[in-house]
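One-letter residues, chain by chain:
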Amino acid sequence: MNAIVNFVTTIPIANIRPFEDNPYKVQDDEEMQFLCESIRENGVLSPLLVRKIGAAEEYEVISGHRRLYAAHKLGLTELPTVTTDLDRNAAAIALVDSNLHREHILPSEKAFAYKLKMEALSHQSAACGQAGHKSRDAVSDTDSGSVMFWNSAKSTPVPHPTRRRFG
């Protein structure tokens, strides 16, 4: 799926919610205090990446959970965002991939993140398989990669010598 990204827009915080099953916990620690101070002095410099969910003007955070928490803490009413049209599985993969670079990730968070990504990839491949599914009986020899050559002397098919046929 190709993600269509819109331009930066401002969305009310009341319409933004954290990603369901976000594996990364937002901590109210010293780093959060630095982030709050930075936002107080400079504003939110990097927009949140969100996706629209449901029919209403409701959005789910893909990247920017710490900025959302800091904005709540500071009493801000709106945040700059970039909206993308990712489905739940693609959003889960983007969420995991956009956070793995962070320095302070607990092993349990990393494990849950990889599990979330694995499940999302599994759902995506299952959806692809359903869209272009062929039964095993419907797959011909050429589709399965087993190429037959003709023995010109005997006019009979002979399996390709460098390829194995898998059941």
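### Considering the overall build of the protein
At step 1: When helices and strands are tallied, the protein shows 4 helices and 7 strands.
At step 2: Starting at the N terminus, the α and β elements of the protein follow one another as β-β-α-β-β-α-β-α-α-β-β.
At step 3: Counting all 167 residues of the protein, 29% fall into the buried class.
At step 4: Intrachain contacts of the protein at a sequence separation of at least 6 include 74% that bridge at least 24 residues.
At step 5: Only carbon and sulfur atoms are counted for the fraction: they give 55% of the accessible area of the protein, which is about 11100 Å².

### Details of the pairing of strand E4 (residues 58-63)
At step 1: Burial runs high along E4: 5 of the 6 residues are buried.
At step 2: The pairing of strand E2 (residues 16-17) with E4 spans 2 bridges and is classified as parallel. Along E4, the bridge assignment pairs Ile 16 with Tyr 59.
At step 3: Pairing geometry for strand E3 (residues 48-53) and E4, over 5 bridges, is antiparallel. For Lys 52, the partnering residue across the bridge sits in E4 and is Tyr 59.
At step 4: Between E3 and E4, which follow one another and run antiparallel, lie 4 residues, and Gly 54 among them has a positive phi close to 70°.

### Comments concerning the pairing of strand E5 (residues 78-84)
Within a regular strand, the side chains alternate between the two sheet faces.
At step 1: Within E5, 5 of the 7 residues are buried, leaving the element largely enclosed by the surrounding structure.
At step 2: Direction of pairing for E3 relative to E5: parallel, over a ladder of 4 bridges. Bridge pairing in E5 places Leu 49 opposite Val 82.

### Observations concerning helix H1 (residues 30-42)
At step 1: The end-to-end C-alpha separation of H1 is 18 Å, in line with the 18 Å expected for 13 residues at 1.5 Å each.
At step 2: Residues of H1 that are buried include every one of Met 32, Leu 35, Cys 36 and Ile 39, and no others. Seen end-on, H1 carries its buried residues on one side only, within an arc spanning 100°. Residues of H1 that are exposed and point more than 90 degrees away from the buried face comprise Glu 30, Phe 34 and Glu 41.

### Quick word on the pattern of salt bridges
Think of it this way: side chains of opposite charge can pair up when their charged atoms draw near.
At step 1: Taken as a whole and judged by the stated rule, the model has 7 salt bridges.
At step 2: With a closest N to O distance of 3.5 Å, Glu 60 and Arg 17 form a salt bridge. One end of the pair, Glu 60, is in strand E4; the other, Arg 17, is in strand E2, with 43 residues separating them in the sequence.
At step 3: The partner of Asp 28 in a salt bridge is Lys 73, and the shortest N-O contact between them spans 2.6 Å. Here the residue Asp 28 occupies a position in the loop between E2 and H1, and Lys 73 occupies one in helix H2 (residues 65-74), the gap between them amounting to 45 residues.
At step 4: For Asp 28, a relative accessible area of 43% corresponds to the partly exposed category.

### A word on the environment of His 65
At step 1: Checked against the element boundaries, His 65 lands in helix H2.
At step 2: Expressed as a C-alpha distance, the spacing of His 65 and Tyr 24, which sit 41 residues apart in the sequence, is 8.8 Å.
At step 3: Beyond its immediate stretch of four places on either side in the chain, His 65 contacts Pro 18, Phe 19, Asn 22, Val 26 and Leu 95.
At step 4: A polar atom in the side chain of His 65 sits 3.0 Å from the backbone nitrogen of Phe 19.
At step 5: A distance of 3.5 Å separates a polar atom in the side chain of His 65 from a polar atom in the side chain of Asn 22.

Procedures and definitions
Residues numbered from 1 in each chain as written. Predicted model: local features only at pLDDT ≥ 70, side-chain atom pairs only at ≥ 80, totals over all residues. Heavy atoms only, no water. Helix = DSSP H or I, 4+ residues; strand = E, 2+ residues; numbered from the N terminus. Buried < 20%, exposed > 50% of the residue type's maximum accessible area, 1.4 Å probe, protein only. Contact = heavy atoms within 4.5 Å. Areas by Shrake-Rupley, 256 points an atom, 1.4 Å probe, with all protein chains shown as cover. Pairing = 2+ DSSP bridges. Expected span 1.5 Å × (residues − 1). Arc of directions from axis to C-beta. Salt bridge = Lys/Arg side-chain N within 4 Å of Asp/Glu carboxyl O. Polar contact = N/O pair within 3.5 Å; in protein donor to acceptor, adjacent residues only side chain to side chain.

Keep in mind these numbers describe shape, not what the thing actually does.
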